[in-house]
Amino acid sequence: MNKPQENNTWLFEISPKSSLFDFKFKEIWRYRDLLLLFVRRDVVTLYKQTVLGPLWYLIQPLLTSVIFTLVFNGIADISTGTVNAFLFNLAGITIWNYFAECLKATSDTFKKNENIFGKVYFPRVIMPLSITVSNLLKLGIQICIFIAFYVYFSLSDKAGSVSMYILWTPVIIFIMGLLGLGLGMIISSMVTKYRDLTFLVQFGIQLFMYVSAVMYPIAIVQEKLPSYVSWIVEYNPLAHVIESFRYMVFSGAYMENPTNDFSILNILLMLGISFIVFLFGLIIFNRTERNFIDTV
Amino acid sequence: MAEKEIILQIKDLSKQYRLGVVGTGTISHDLNRWWHKIRGKEDPYLKIGEKNARTTVGNSKYVWALKEVSFNVEKGEVLGIIGKNGAGKSTLLKLLSKVTTPTTGTIRSRGRIASLLEVGTGFHPELTGKENIFLNGAILGMTKAEIKTKFDEIVEFAGVQRYVNTPVKRYSSGMKVRLAFAVAAHLEPEILVVDEVLAVGDAEFQKKAIGKMQDIAKGEGRTVLFVSHDMTNIQNLCTKSILLENGMMVMHGETEEVIKRYLQGSEETYVKSLKAHENRKKGRQEIMQKVTIGDGSSKVISGQDLKINVELNLTSLEEFSIGYLFKNEKGQVLMASNTMQYGTKLYPKSGKNAIAIVIKNLPLAPASYSLSLFVGNGKFDIDIIEDAITFPVFWEHEHILPPAKKWGSTFGITLWEY
């Protein structure tokens with residue numbers, strides 16, 4: 001047979017080993033059109049669904065918010081200062097939902113796309129990335145409702161005032177997306193090994209919400225609970241992101257003693273953490289994508 | 001040959017699969033296993049007697065789906081990949097298209113590889129034909145700009161001009177396949193990997209598809225790796241072929257010779273043990289032991305008498321019956337019969353029992369057929385093996401040309417009285 005021409009350059013090589021930190025950013029960039037088309041697909045199919053489909057994105061946060069208001073503010077009597085309790089909860093839920101949706105949707109990437117992944121190759125990470133981007137649409141819908149209620153309540157002066165820091169909102173959303181994506185990628189890789197993990201994810205997200213200051217300010221936890229419990233919330237990065245968002249929209253009017261404790265350093269720290277989670281997720285994800293089709 | 005550029009180099013490529021023993025797939029199972037282990041009990045999920053009949057390594061937990069395959073492909077070559085089910089063809093294609101990674105060995109390429117593994121992957125029923133063309137094209141590795149320039153050509157090739165803005169869920173299945181193939185055929189990778197796509201669509205479209213494949217291969221000078229069970233297509237399209245058997249490459253050479261070698265087959269083609277046959281209906285007795293087609297080594301010829309010898313273990317029976325059934329590659333039943341139809345009563349003899357089924361003037365056109373076998377106890381079937389053996393039928397009539405493929409799977413010697 002022919003002798004291979006060793007001295008010539010090869011375009012690429014497929015071999016059993018690859019570097020742990022080979023993130024293949026270049027390849028992802030080459031497939032950017034695919035990312036956009038996946039996003040487009042998600043958006044178009046959402047729009048083409050039955051009436052109840054898109055409507056669900058309105059009903060779900062509103063109902064949750066009503067129940068939280070009844071339970072946490074009505075029964076448990078958590079104070080939200082001059083801010084209307086319903087609006088306060090809606091703010092937390094809106095931003096939390098984006099994280100939860102991203103995490104939920106990306107966590108079964110491998111299982112859900114087994115069929116297509118088994119036949120064609122493209123950087124698998126395009127899939128969770130596109131989910132994170134297209135979830136922005138749902139977030140957009142929910143933010144619109146939030147704004148509507150915000151305007152309504154501010155007429156009766158129950159909404160505090162918008163702070164200057166509102167300009168940081170995109171960063172907050174970016175952090176939430178990155179965290180959801182990173183954790184989702186880690187979980188999706190584990191799901192290829194343990195299929196029943198999906199049920200745990202549903203449950204876990206719910207539990208996680210209760211320690212993420214979605215329906216109460218962090219300060220209340222510090223005040224009411226002993227320190228061996230409250231640290232869970234205090235050291236939960238998500239709690240801080242949500243708290244920051246609320247501070248931005250209400251200027252801290254929900255606190256007993258409104259203080260100017262919005263910290264940009266804090267946000268940058270969260271940004272750093274979410275980047276680390278994302279990179280860690282990407283490494284695990286890339287490891288899994290190589291051989292997962294053999295194990296599913 | 002030596003001065004031609006090698007575009008794809010495959011070296012010592014192996015892929016190992018582990019037979020399902022290690023992970024059970026759920027946390028609860030693994031916890032249960034661990035709990036059994038610390039109490040010193042047996043693994044509750046350990047599967048015993050897992051066999052892969054197609055492997056040479058019998059009692060190992062590992063199976064080599066592909067073992068130390070090496071070959072080079074020159075630029076512009078159309079290489080056929082031939083082999084029986086389970087020979088490793090799909091594994092090879094999966095490795096080439098990066099769906100999974102090899103256990104050992106390397107694949108080096110000087111061009112982009114795109115695969116046409118089962119077309120239509122990623123079609124979304126809610127999206128229109130146009131949207132799906134873009135999405136599918138992008139999944140296969142094209143950029144949006146590339147698809148745009150090819151868009152009209154794709155639509156025309158698929159023949160769906162009128163339905164471009166209709167959701168794909170309203171398409172007939174044929175239209176879907178045509179559209180999918182059209183997208184894939186207009187890919188412009190340097191190396192194209194094609195797996196059995198031509199088995200779909202109507203005759204007219206198949207012709208078109210093969211024509212397109214020929215254009216790609218000959219006119220545009222692209223490199224194609226082509227997998228098919230249809231030897232006619234392989235012969236038409238490929239200059240060279242490789243033959244895989246049990247994960248190993250047994251031949252690499254001119255297509256004609258490789259096909260000849262493939263059709264002659266290994267010893268398994270005409271003689272097959274039926275003990276522990278994978279297609280035996282569950283819960284049935286193991287009556288049938290071995291099947292031999294003809295004398296076990298010579299070719300089966302269309303129109304000549306065919307003798308099928310079946311060895312039986314009848315110790316538990318007082319009376320028995322036997323039947324056979326032929327299917328073509330598409331799974332259509334062509335002919336069948338059994339001893340009950342003829343009112344023949346059969347009784348076990350002492351010692352080794354074997355029955356010879358003789359079919360007069362075998363009316364099957366040259367192609368590959370599967371034979372299913374049934375044994376009953378005179379009342380109902382007690383041993384059933386669907387597709388017990390698959391073997392080719394050849395044409396050797398001096399004065400009659402072989403029937404065309406589209407004339408069907410059967411034929412009758414016809415007299416023209418004038």
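No experiment lies behind these values; they were computed from the predicted model shown.

Rules of the game
Residues numbered from 1 in each chain as written. Chains lettered and ligands numbered in written order. Predicted model: local features only at pLDDT ≥ 70, side-chain atom pairs only at ≥ 80, totals over all residues. Heavy atoms only, no water. Pairing = 2+ DSSP bridges. Helix = DSSP H or I, 4+ residues; strand = E, 2+ residues; numbered from the N terminus. Axes fitted to C-alpha atoms, helices over the stretch in contact; angles between N-to-C directions. Contact = heavy atoms within 4.5 Å. pLDDT = per-residue confidence, 0-100. Patch = residues over 30% accessible without salt bridge, like charges linked within 9 Å, V, L, I, M, F, W, Y side chains within 5 Å. Areas by Shrake-Rupley, 256 points an atom, 1.4 Å probe, with all protein chains shown as cover. Salt bridge = Lys/Arg side-chain N within 4 Å of Asp/Glu carboxyl O. Buried < 20%, exposed > 50% of the residue type's maximum accessible area, 1.4 Å probe, protein only. Buried area = accessible area lost by both parts, 1.4 Å probe. Polar contact = N/O pair within 3.5 Å; in protein donor to acceptor, adjacent residues only side chain to side chain. Parallel < 35°, antiparallel > 145°, perpendicular 65-115°, else oblique. Left-handed = near helix turned anticlockwise from the far one by under 90°. Nonpolar A, V, L, I, M, F, W, Y, C, P; charged D, E, K, R; others polar. Expected span 1.5 Å × (residues − 1). Arc of directions from axis to C-beta. 1 Å grid on protein atoms, 1.4 Å probe; cavity = no way out; pocket = protein on both sides within 12 Å on 5 of 7 lines; lining within 4 Å. Points joined across faces, edges and corners; volume = space filled by probe spheres on them.

### Considering the sheet that holds strand S1 (residues 6-18) of chain B
Hydrogen bonds between backbone groups are what pair the strands of a sheet, and the pairing can be parallel or antiparallel. Spatially, the 4 strands line up as an open sheet ordered S1(A)-S4(B)-S1(B)-S2(B), and their pairing is antiparallel. The sheet terminates laterally at strand S1 (12-14) of chain A together with strand S2 (62-74) of chain B, the two strands that pair on one side only. If you compare each strand with its neighbour and ignore which way they point, the axes differ by 20 degrees on average. Strand contacts of helix H2 (residues 89-96) of chain B: S1 of chain A together with S1, S2 and strand S4 (104-109) of chain B, with the helix running at about 120 degrees to S1(B), the strand carrying the most contacts.

### A word on the confidence of the model for chain A
Confidence in the prediction of chain A, expressed as mean pLDDT, is 83, and 90% of residues score 70 or more. Across residues 1-7 of chain A, confidence stays below pLDDT 50; counting only partners more than four residues off in sequence or on other chains, it has 18 contacts.

### Considering a nonpolar patch on the surface
Nonpolar side chains collect at one region of the surface, where Leu225(A), Tyr228(A), Val229(A), Trp231(A), Ile232(A) and Tyr235(A) lie side by side and expose about 670 Å² of accessible area between them. Owing to a relative accessible area of 35%, Ile232(A) belongs among the partly exposed residues under this scheme.

### Some points on the environment of Glu204(B)
All names here are of chain B. You can see Glu204 is positioned in helix H6 (residues 203-219). Overall, the relative accessible area of 63% leaves Glu204 in the exposed class. Residues Glu204 and Gly219, spaced 15 residues apart in sequence, show a C-alpha to C-alpha distance of 21 Å.

### Focus: the interface of chain A and chain B
Across the boundary between the two partners, chain A contributes 47 residues, which contact 57 residues of chain B. Here chain A meets chain B over a buried area of about 4,500 Å², counting both sides, of which 59% is carbon and sulfur. In this assembly, chain A and chain B are joined by 2 salt bridges. Between Glu27(A) and Lys98(B) there is a salt bridge, and its shortest N-O distance comes to 3.5 Å. For the pair chain A and chain B, the interface holds 3 residue pairs in polar contact (both at pLDDT 80 or more). Only S1, helix H1 (25-30), helix H2 (32-48), helix H6 (114-117), helix H9 (197-210) and helix H13 (264-295) of chain A provide two or more residues apiece to the side of chain A that touches chain B. With 9 residues, H2(A) is the largest single contributor of residues to the side of chain A that touches chain B. By the bridge criterion, 3 bridges tie S1(A) to S4(B) in an arrangement that is antiparallel. Considered in S4(B), the bridge of Glu13(A) is made with Arg108(B).

### Some details on the packing of helix H8 (residues 169-191) of chain A against helix H12 (residues 237-250) of chain A
Residue and element names in this part refer to chain A. Relative to each other, H8 and H12 sit at 160 degrees, their axes nearing to 10 Å. The pairing of H8 with H12 is recorded here as roughly antiparallel in orientation. Between H8 and H12 lies a crossing of left-handed hand. Here Thr169, Ile172, Ile175, Met176 and Leu179 of H8 lie close against H12, whose contacting residues are Leu238, Val241, Ile242, Ser244, Phe245 and Met248. Grouping the amino acids of the contact of H8 with H12 by side-chain chemistry returns 9 nonpolar, 2 polar and no charged.

### Digging into the pairing of strand S9 (residues 248-254) of chain B
Residues and elements named next belong to chain B. Taken together, the 6 bridges between strand S8 (residues 240-245) and S9 define a ladder with antiparallel strand orientation. Counted as the bridge partner of Ile242 is His252 from S9. Remark: 2 residues form the turn of the hairpin made by S8 and S9, two consecutive strands paired antiparallel; Asn246 in that turn has positive phi of roughly 50 degrees.

### Comments concerning H9(A)
Residue and element names in this part refer to chain A. Between its first and last C-alpha, H9 extends 20 Å over 14 residues, near the 20 Å set by a 1.5 Å rise per residue. Those residues of H9 lying buried are Leu197, Thr198, Val201, Ile205 and Met209. Taken end-on, H9 shows its buried residues confined to a sector of 120 degrees, consistent with a single buried face.

### Notes on the layout of surface pockets
Here the second largest pocket defines a volume of roughly 1,000 Å³. In terms of lining residues, the second largest pocket is bounded by 40 residues, among which Phe12(A), Lys24(A), Glu27(A), Tyr121(A) and Lys98(B) are the most central. Mapped by element, the contributors of at least two residues to the lining of the second largest pocket are S1, H1 and H13 of chain A together with strand S5 (113-117) of chain B. In terms of residue count, H13(A) provides more of the lining of the second largest pocket than any other element does, 5 residues in total. Residue composition of the lining of the second largest pocket, by class: 17 nonpolar, 8 polar and 15 charged.

### Regarding the sheet that holds strand S16 (residues 353-359) of chain B
Residues and elements named next belong to chain B. Sheet architecture is open: 4 strands sit in the order S10-S11-S13-S16, paired in antiparallel fashion. Each having just a single partner strand, strand S10 (271-273) and S16 make up the two edges of the open sheet. Strand-to-strand twist in this sheet, taken as the mean axis angle between neighbours without regard to direction, amounts to 15 degrees. In terms of strand pairing, strand S13 (residues 306-312) meets S16 through 7 bridges, oriented antiparallel. Paired with Asn309 across the two strands is Ala356, which belongs to S16.

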